[in-house]
Amino acid sequence: MTDAIRYELVKQCAHTGARAGILHTPHGSFNTPMFMPVGTQATVKAMSPRELTEMGAGIILSNTYHLFLRPGHELVAEAGGLHKFMGWDRGILTDSGGFQVFSLGDLRKISEEGVAFRSHIDGSRQFLSPEIATQVQNALGSDILMAFDECVPYPAEYDYAKRSTERTTRWAERCLKAHSRADQGLFGIVQGGMYKDLRAQSAAELTSLDFPGYGIGGLSVGEPKHLMYEMLEHTTPRLPTNKPRYLMGVGTADCLVEGVMRGVDMFDCVFPTRVARNGTTMTKNGRLVVKNAEFARDLRPIDPDCGCYACQNFSRAYIRHLFKADEIFGLRLTTIHNLYHLLDFMRRMRQAIIEDRFLAFREEFWEYYPKEEN
Ligand SMILES: CNc1nc2cc3c(=O)[nH]c(N)nc3c(CCc3ccccc3)c2[nH]1
Ligand SMILES: [Zn+2]
């Protein structure tokens, strides 16, 4: 059987690490570089699958940690798997749960075997291991599974980062052994903290295990952006060019451009959907908090240059009114806009790479984008 996941390189930028490609999956082929909306609990908050399809979303993300705790992977399997359960017929990528245990679970205890923790939902004792996380993702039926890893916190001592990264490699081998479905692709996740030698060691060890794709983990965890970019520069060149690279948890438009320039193909971030729900929208000039009083009588769309449903049909005054009146439609419109904005941004960036003008695209981006953006 051909690999479940195959990366096709379409165009390598001659001046930078940027590249345009196609990611072939059992649920369709999708252009890279790509932004993947996050749907942690089997839904991209406030969006219908039809709206996501219309705006051009290809792969969406969901979470082993959340679905394992509720409603349980067995129920999702009984319902025919995650695609059927949530009515999504394009790509799904699930995270392995390791990161969420650390950022959500309580009283975690790590051992070579796995991680014991308390559910953030009901405080019940739970346990995830490489085997369990892989079996859960096999049951969910996602097209791409992530290996069970420890996201090295920031900052971390060298010795801790080294021991944790080496354990993540051992856990990745255990995931490979436990992985039981040929129609799903298992990605390894590169760790190494902010230490170049550990990043190189992690990339080398995981590459030798020949995964169909690689997550770049342990970043976007509070480190300064220049450090994230430095780690990327030290990691992507050590990954196979014929495999996709997925920078986990990133990000905002500035990180997308800088990540693409350093050879990243896939991105995810909860930011666009999360900030939309409190009335913050993303434009090429930075953020626009549409619920602010200054927009009370502003009859222009959020972004006059935007082709999304919200900008084509509604004004800032109307959307602000909806937020002030606590109307659900308001946060749906800002979510539609933010997701469309990033998906369209990636489409335009990909076109620039193909037409050999990525550096000009990046130049123009930084002309408009506020430098002080945190
Ligand atoms: C926001 N920054 C951020 N840094 C991350 C690092 C890691 C990491 O080192 N290992 C794993 N496994 N996941 C990470 C995630 C979660 C990404 C995600 C969220 C939701 C759904 C699906 C996937 C991260 N997110
Ligand atoms: Zn818009």
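Per an unreviewed UniProt entry, the protein goes by the name Queuine tRNA-ribosyltransferase and belongs to Anaerosporomusa subterranea. Reading the Pathway (unreviewed entry) entry of the UniProt record for the protein gives the comment "tRNA modification; tRNA-queuosine biosynthesis."

Undergrad: Even after reading the chapter, I still don't get the sheet that holds strand S8 (residues 115-118), so can you show me in this structure?
TA: Where strands meet in a sheet, backbone hydrogen bonds hold them as pairs that are either parallel or antiparallel. A sheet is described by the order of its strands in space; here three strands give the open sequence S7-S8-S9, paired in antiparallel fashion. With one partner strand each, in any of the chains shown, strand S7 (106-110) and strand S9 (125-128) form the two edges of the open sheet. Each strand axis lies, on average, 20° off the axis of its neighbour in the sheet, ignoring direction. For S8 and S9, the ladder comprises four bridges, and the chain directions are antiparallel. Bridged to Phe117 within S9 is Gln126.

Undergrad: Hey, could you run me through the site of ligand 1 in this one?
TA: Ligand 1 sits among 21 residues. The nearest are Asp95, Asp149, Gly218, Leu219 and Ser220. A distance of 2.7 Å separates a nitrogen atom of ligand 1 from a polar atom in the side chain of Asp149. One of the backbone nitrogen or oxygen atoms of Ser220 is found 2.9 Å away from a nitrogen atom of ligand 1. For ligand 1, the protein covers 91% of the area, taking 540 Å² as the surface of the free molecule. Looking at the shell around ligand 1, the elements with two or more residues in it are strand S5 (59-63) and helix H5 (98-103). If you tally residues by element for the shell around ligand 1, the top one is S5, at three residues. Of the residues belonging to the shell around ligand 1, the class tally is nine nonpolar, nine polar and three charged.

Undergrad: What am I meant to see in the coordination of the zinc ion (ligand 2) here?
TA: Octahedral six-donor coordination of a metal ideally yields angles of 90 or 180 degrees, compared with 109.5 degrees for tetrahedral four-donor coordination. Protein coordination at the zinc ion (ligand 2) comes from Cys306 (SG), Cys308 (SG), Cys311 (SG) and His337 (ND1), with a distance range of 2.1 to 2.3 Å. Coordination at the zinc ion (ligand 2) is tetrahedral, judged from the four donor atoms that bind it and the angles of 100 to 120° they form at the metal. Take Cys306: its relative accessible area is 7%, and that puts it in the buried class. Taking relative accessible area as the criterion, His337 reaches 0% and is therefore assigned buried.

Undergrad: Sorry if this is basic, but what is going on with the UniProt feature "binding site: Zn(2+)" (unreviewed entry) in the protein here?
TA: Under the UniProt annotation, the feature "binding site: Zn(2+)" (unreviewed entry) is placed at Cys306, Cys308, Cys311 and His337. Of the residues just listed, which span 32 residues, no C-alpha pair is farther apart than 8.2 Å, and they cluster in one region. Structurally, the position occupied by Cys306 is in the loop between strand S16 (286-289) and helix H12 (309-313). When sequence neighbours within four positions are dropped, the list of residues in contact with Cys306 reads Cys311, Gln312, His337 and Tyr340. When sequence neighbours within four positions are dropped, the list of residues in contact with Cys311 reads Pro301, Ile302, Asp303, Cys306 and His337.

Undergrad: Please explain the packing of helix H8 (residues 196-207) against helix H9 (residues 225-235) as it appears in this structure.
TA: The description of two packed helices rests on the angle between their axes and on the distance between the axes. Their axes nearest at 9 Å, the elements H8 and H9 cross at an angle of 40°. When the axes of H8 and H9 are compared, the pair comes out oblique. Handedness of the H8/H9 crossing: right-handed. Counting all contacts with H8, which are made through Lys196, Arg199 and Ala200, the residues of H9 involved are Glu230, Met231, His234 and Thr235. In the contact of H8 with H9, the residues fall into two nonpolar, two polar and three charged.

Undergrad: Would you explain the sheet that holds strand S4 (residues 34-36) in this entry?
TA: The parallel open sheet is built from eight strands, whose spatial order is S4-S14-S13-S12-S11-S10-S6-S5. The open sheet has two free edges, formed respectively by S4 and S5, since each of these has just one partner strand. The sheet shows a mean angle of 25° between the axes of neighbouring strands, taken without regard to direction. Bridge analysis of strand S10 (residues 144-146) against strand S11 (residues 185-190) gives three bridges, and the strand direction is parallel. Across the sheet, Ile144 pairs through a bridge with Gly185, a residue of S11.

Undergrad: So what exactly am I meant to see when it comes to the packing of H9 against helix H10 (residues 253-261) here?
TA: Between H9 and H10, whose axes approach to 10 Å, the crossing angle comes to 25°. Overall, the two elements H9 and H10 adopt an arrangement that is roughly parallel. When you trace H9 past H10, the crossing you get is right-handed. Contact residues: Lys225, Met228, Tyr229 and Leu232 in H9; Asp254, Cys255, Glu258 and Gly259 in H10. For the contact of H9 with H10, the per-class residue count stands at four nonpolar, one polar and three charged.

Undergrad: Sorry, what's going on with the domain arrangement of the protein here?
TA: Interfaces are often described in size by the accessible area the parts lose on coming together. In terms of domain boundaries, the protein breaks down into domain 1 (6-268) and domain 2 (276-368). Placing a centre on the C-alpha atoms of domain 1 and another on those of domain 2 gives a separation of 27 Å. With both chains or domains summed, domain 1 and domain 2 bury close to 2600 Å², and 75% of this area falls on carbon and sulfur atoms. Broken down residue by residue, the surface that domain 1 buries against domain 2 is led by Phe35, Met55 and Val257, which jointly contribute 24%. Taking the shortest distance from any N to any O, the salt bridge between Arg332 and Glu51 comes out at 2.5 Å. Counting every contact that joins domain 1 to domain 2 gives nine residue pairs in polar contact (both at pLDDT 80 or more). Every element with two or more residues in the side of domain 1 that touches domain 2 is listed here: strand S1 (6-12), strand S2 (19-25), strand S3 (28-32), S4, helix H1 (49-54) and H10. Here the side of domain 1 that touches domain 2 gets seven residues from one element, more than from any other, and that element is H10. A class-by-class count of the residues in the side of domain 1 that touches domain 2 yields 22 nonpolar, seven polar and six charged.

Calculation criteria
- Residues numbered from 1 in each chain as written.
- Chains lettered and ligands numbered in written order.
- Predicted model: local features only at pLDDT ≥ 70, side-chain atom pairs only at ≥ 80, totals over all residues.
- Heavy atoms only, no water.
- UniProt positions renumbered as here; feature names shortened; annotations may be inferred.
- Pairing = 2+ DSSP bridges.
- Helix = DSSP H or I, 4+ residues; strand = E, 2+ residues; numbered from the N terminus.
- Axes fitted to C-alpha atoms, helices over the stretch in contact; angles between N-to-C directions.
- Near = heavy atom within 4 Å.
- Polar contact = N/O pair within 3.5 Å; in protein donor to acceptor, adjacent residues only side chain to side chain.
- Areas by Shrake-Rupley, 256 points an atom, 1.4 Å probe, with all protein chains shown as cover.
- Nonpolar A, V, L, I, M, F, W, Y, C, P; charged D, E, K, R; others polar.
- Donors = N, O, S within 2.8 Å, 3.2 Å for Na, K, Ca; no water.
- Tetrahedral: all angles 85-135°; square planar, octahedral: opposite > 155°, others 65-115°.
- Buried < 20%, exposed > 50% of the residue type's maximum accessible area, 1.4 Å probe, protein only.
- Contact = heavy atoms within 4.5 Å.
- Parallel < 35°, antiparallel > 145°, perpendicular 65-115°, else oblique.
- Left-handed = near helix turned anticlockwise from the far one by under 90°.
- Domains from an automatic or database assignment.
- Buried area = accessible area lost by both parts, 1.4 Å probe.
- Salt bridge = Lys/Arg side-chain N within 4 Å of Asp/Glu carboxyl O.

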